[in-house]
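What follows is the residue order along each chain.
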Amino acid sequence: MSTPALLEIENMSISFGGVKAVDGLSLKVEQGTIAGLIGPNGAGKTTVFNCVARYYHPQEGRIRFDGKDLLAARPHQVLPHGIARTFQNMELFRSMTVQDNLLIGQHTQIPVGFWSAAFSLPGARAQEAEARRRASEVMERFGLAQFAHAQVSSLPYGTQKMVEFGRALVSRPRLILLDEPAAGLNPSETKGLTELIRDLRDRDGITVLLVEHDMGLVRRTCDEIYVMDFGRRIAHGTPDEISRNPRVIEAYLGKQEEEHAAA
Ligand SMILES: Nc1ncnc2c1ncn2[C@@H]1O[C@H](COP(=O)(O)OP(=O)(O)OP(=O)(O)O)[C@@H](O)[C@H]1O
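The chain goes by ABC transporter ATP-binding protein in an unreviewed UniProt entry, where it is assigned to Nitratireductor aestuarii.

So this is what it looks like as structure tokens:
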């Protein structure tokens, strides 16, 4: 018997003005697996993330998370539902410390009542201690402990990316959406990231949906891959199947030729 899909997108479409950013897309991500979402620039990948994270509301289709209708949830409920994400351009509080960014990452999870927080009641203090413990655990794991009190903006780019990754993980999500996690990283940082992503699945049982242009990382991490072009799904399969798929090769080569001609 197959495991039920944790995330299921069914026939989803969304347009901006005349541009159909996502056009009738369906995909499933099984619990405890890593799925890749790839495609040329402008294919609609980030828009899919924005719909799952409830930043955008698709005009058609359904999104189910753990069997429940995600589009019925209020946008701010998505994190408590167990979905976390990282962004292409990193959305960190750069003037704050690494530790504070990881504490804020847990904020929506902490069910502290207003009065108990305001009067520093024991329940609130215990939760804050737990949040600090969790932040330290994640900093240790991501090699960030030495930077706990450093301002994020003072850190190298690759380290800032680890802070963003850590902030997504700190809330103990069941599904994590990673938007181009390897962009701007050097080969050794990308190797470390590859292991971390696999570790999320193998050690934490977290399900991952990954948008990435670094095909080496995609091949080494993903159990299955969905390929988009012009908002549509053009292929789905294992990394081996995808790398041999003529439609996929053509979509990528076509884009490279267009870019060449425009240059
Ligand atoms: N908020 C928006 N308003 C208008 N158009 C948008 C908006 N968001 C996305 N689009 C358009 O939708 C299409 C898909 O964009 P999207 O960012 O999802 O692509 P992508 O596959 O993530 O690209 P890349 O790999 O370059 O990040 C593009 O034509 C883009 O310009």
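Turning our attention to the sheet that holds strand β3 (residues 34-38). Strand order in the open sheet made by the 6 strands is β6-β7-β8-β3-β9-β10, with mixed pairing throughout. The open sheet has two edge strands with one neighbour each: β6 (83-85) and β10 (232-237). In this sheet, adjacent strand axes meet at a mean angle of 20 degrees when their direction is disregarded. Sheet topology places β3 next to strand β8 (residues 207-211); 4 bridges connect them, and they run parallel. The partner of Leu37 across the bridge, within β8, is Val211.

Direction vectors running N to C along helix α5 (residues 157-169) and helix α6 (residues 187-202) enclose 5 degrees, while the axes themselves pass 12 Å from each other. Between α5 and α6, the crossing angle belongs to the class labelled roughly parallel. Where α5 abuts α6, its residues Gly158, Met162, Phe165 and Leu169 lie against Glu189, Leu193, Leu196, Ile197 and Leu200. Classifying every residue of the contact of α5 with α6 gives 7 nonpolar, 1 polar and 1 charged.

Further remarks concern α6. Across its 16 residues, α6 extends 23 Å between first and last C-alpha, which sits within 8% of the 22 Å expected from 1.5 Å per residue. All buried positions along α6 are accounted for by Thr190, Leu193, Thr194, Leu196, Ile197, Leu200 and Arg201. Capping of α6 at its N-terminal end is provided by Asn186; its side-chain oxygen lies 3.1 Å from the backbone amide nitrogen of Ser188.

The rules behind the values
Residues numbered from 1 in each chain as written. Predicted model: local features only at pLDDT ≥ 70, side-chain atom pairs only at ≥ 80, totals over all residues. Heavy atoms only, no water. Pairing = 2+ DSSP bridges. Helix = DSSP H or I, 4+ residues; strand = E, 2+ residues; numbered from the N terminus. Axes fitted to C-alpha atoms, helices over the stretch in contact; angles between N-to-C directions. Parallel < 35°, antiparallel > 145°, perpendicular 65-115°, else oblique. Contact = heavy atoms within 4.5 Å. Nonpolar A, V, L, I, M, F, W, Y, C, P; charged D, E, K, R; others polar. Expected span 1.5 Å × (residues − 1). Buried < 20%, exposed > 50% of the residue type's maximum accessible area, 1.4 Å probe, protein only. Polar contact = N/O pair within 3.5 Å; in protein donor to acceptor, adjacent residues only side chain to side chain.

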